[in-house]
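# Topology and contacts: notes
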Amino acid sequence: MKFGSSLCILNVGGRRFSFSAELMKRLPLSRLSRLHRCVSESELLELCDDYDRDRNEFFFDRHSEAFSFIMLYVQHGKLRFVPHMCELSFYNEMLYWGLESADLQPCCQRRLDDRLSDCFVHFFPEEEPRGPEEPRSRWLEMMRRTFEEPTSSLAAQILASVSMLFVIISMVMLCASTLPDWKTTETLDQHRIIEAVCIGWFTAECIIRFLVSRDKCEFVRRPLNIIDLLAITPYYVSVTVTIMTGENSQLQRAGVTLRVLRIMRIFWVIKLARHFLGLQTLGLTLRRCYREMMMLLIFICVAMAIFSALAQLLEHGLDLEAGNQDYASIPAACWWVIISMTTVGYGDMYPVTVAGRVLGGLCVVSGIVLLALPITFIYHSFVQCYHELKVRSARCTHSLSTEFIN
């Protein structure tokens, strides 16, 4: 804190809370962290309703009881709704102080999802205040939103449509190039021309988005941008190898590496995630539910280890000569376990002994139970992510339409 004393007082709805400046800096509430970084009273008044310099007291016209529950979360790590308070009102208070729905306990998250689904009401954290922008900065921001947010304007929608068209064309050409009738000299030349045009478009789009991005390092770290690079790079690598080794070289005739590089163009399909809310929701859900996904993988691995060892023993280990040769080893039995637990059941290997069939039944039932356990958490996160992305997209469209009208 660059002003006032070391003891800070938060007056929330008439109720006073005292904190040391160092403690307030460490609180997991983004509004208070931003408050701590302020260097002038004008910046302070953008984050609080009033400030008393003599007592170093900050005034917030917010719900005091809700803030008390938020402070309990800070102390004990568990956040629940205030009894007899509307879930949406409490959620609004959470967002004001800088918390998200993921900070709620699972039971309260489900209540919030139900309320959001029933009322079609959504809240989002307040954006950081921005100062007056220069014409060049404003132009760069418009370019960035045009390339990054397909619903932000008519130009962005046209650009997204053209990009989707190139993705579809490249996918069709990739699939058609594997047909025997397409492996003639004339069709291969046509395919190379179309492929070069598509790659040129993707490269230009990626370079422009990189140049107009706010943070270049953050741009490189984003998953969708990494996928773009993975989709574009193999083409230039294959062209470079072709130029260096020649069309009819031994390396070209072997062609395994180049075929692998060319098939990596299938990553272009993931570029559609920029333009489809469903794919964005899937990616955001997987990112938020990585703990649940890891838990699911651990469940499967533990079950595979147990059931594969028992299956190998019952089907082959008790009678090495006349036993079922499909279960000759535990790794071979793992394949049977995974297709049984997921209820795929190819039938390429199956138990023949009575004990093995009983074990197979237990394996199938256990697979259904284990796979169903994390589904509730993943579904809850998917619904929440879908609501957030849908309304954020609608809000962006509305704000851009307002600017266009003005």
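Data block above holds the structure.
Residues numbered from 1 in each chain as written. Predicted model: local features only at pLDDT ≥ 70, side-chain atom pairs only at ≥ 80, totals over all residues. Heavy atoms only, no water.

### Focus: the overall build of the chain
- Secondary structure assignment for the chain yields 18 helices and four strands.
- Classification of the 406 residues of the chain by burial places 38% in the buried group.
- When contacts within the chain are restricted to residue pairs at least 6 apart in sequence, long-range pairs at least 24 apart make up 62% of them. (Helix = DSSP H or I, 4+ residues; strand = E, 2+ residues; numbered from the N terminus. Buried < 20%, exposed > 50% of the residue type's maximum accessible area, 1.4 Å probe, protein only. Contact = heavy atoms within 4.5 Å.)

### Considering the nonpolar core
- In terms of nonpolar packing, the biggest core is built from 38 residues, with Leu10, Leu35, Phe58, Phe60, Phe90 and Trp97 touching the most fellow members.
- When residues of this core are traced back to their parent elements, those giving at least two are β1 (7-12), β2 (15-20), α1 (21-26), α2 (30-37), β4 (57-60), α4 (64-76), α5 (87-97) and α6 (106-119).
- Considering every element that reaches this core, the biggest residue donor is α5, with seven residues. (Core = buried A, V, L, I, M, F, W, Y, C linked by side-chain atoms within 4.5 Å.)

### Some thoughts on a nonpolar patch on the surface
- Nonpolar side chains collect at one region of the surface, where Phe276, Leu279, Leu282, Leu286, Phe382 and Tyr386 lie side by side and expose about 510 Å² of accessible area between them.
- Only α14 (277-288) and α18 (375-405) provide two or more residues apiece to the nonpolar patch.
- The element that contributes the greatest number of residues to the nonpolar patch is α14, accounting for three residues.
- You can see Tyr386 is positioned in helix α18. (Patch = residues over 30% accessible without salt bridge, like charges linked within 9 Å, V, L, I, M, F, W, Y side chains within 5 Å. Areas by Shrake-Rupley, 256 points an atom, 1.4 Å probe, with all protein chains shown as cover. Salt bridge = Lys/Arg side-chain N within 4 Å of Asp/Glu carboxyl O.)

### Re unusual backbone geometry
- Notably, His84 is not glycine yet its phi reads approximately 65°, a positive angle.
- Along the chain, the position of His84 falls in the loop between α4 and α5.
- In this model, Thr343 sits at a positive phi of 55°, which is unusual for a non-glycine residue.
- Tracing the chain through its elements places Thr343 in the loop between α16 (330-341) and α17 (354-372).

### Side note on the pattern of salt bridges
- Enumeration over the complete set of coordinates arrives at four salt bridges.
- Of the charged contacts, one joins Glu57 and Arg16 as a salt bridge, the two residues approaching to 3.4 Å between their closest N and O atoms. Pair noted here: Glu57 is in strand β4 and Arg16 is in strand β2, with a separation of 41 residues, a long-range link.
- Given a relative accessible area of 46%, Arg16 falls into the partly exposed group.
- Note that Glu93 is salt-bridged to Arg62, the shortest N-O span being 3.2 Å. Of the two residues, Glu93 is situated in helix α5 and Arg62 in the loop between β4 and α4; the sequence distance between them amounts to 31 residues.
- Within this structure, Arg16, Asp52, Arg55 and Glu57 form a network of salt bridges that share partners.

### Considerations on the environment of Ala333
- Following the sequence through the fold, Ala333 ends up in helix α16.
- Its relative accessible area of 0% is what places Ala333 among the buried residues.
- As for Ala333 and Glu315, which are separated by 18 residues in sequence, their C-alpha atoms are 9.6 Å apart.
- If we ignore the near neighbours within four places in the chain, the residues touching Ala333 are Ser308, Ala311, Gln312, Tyr327 and Met349.

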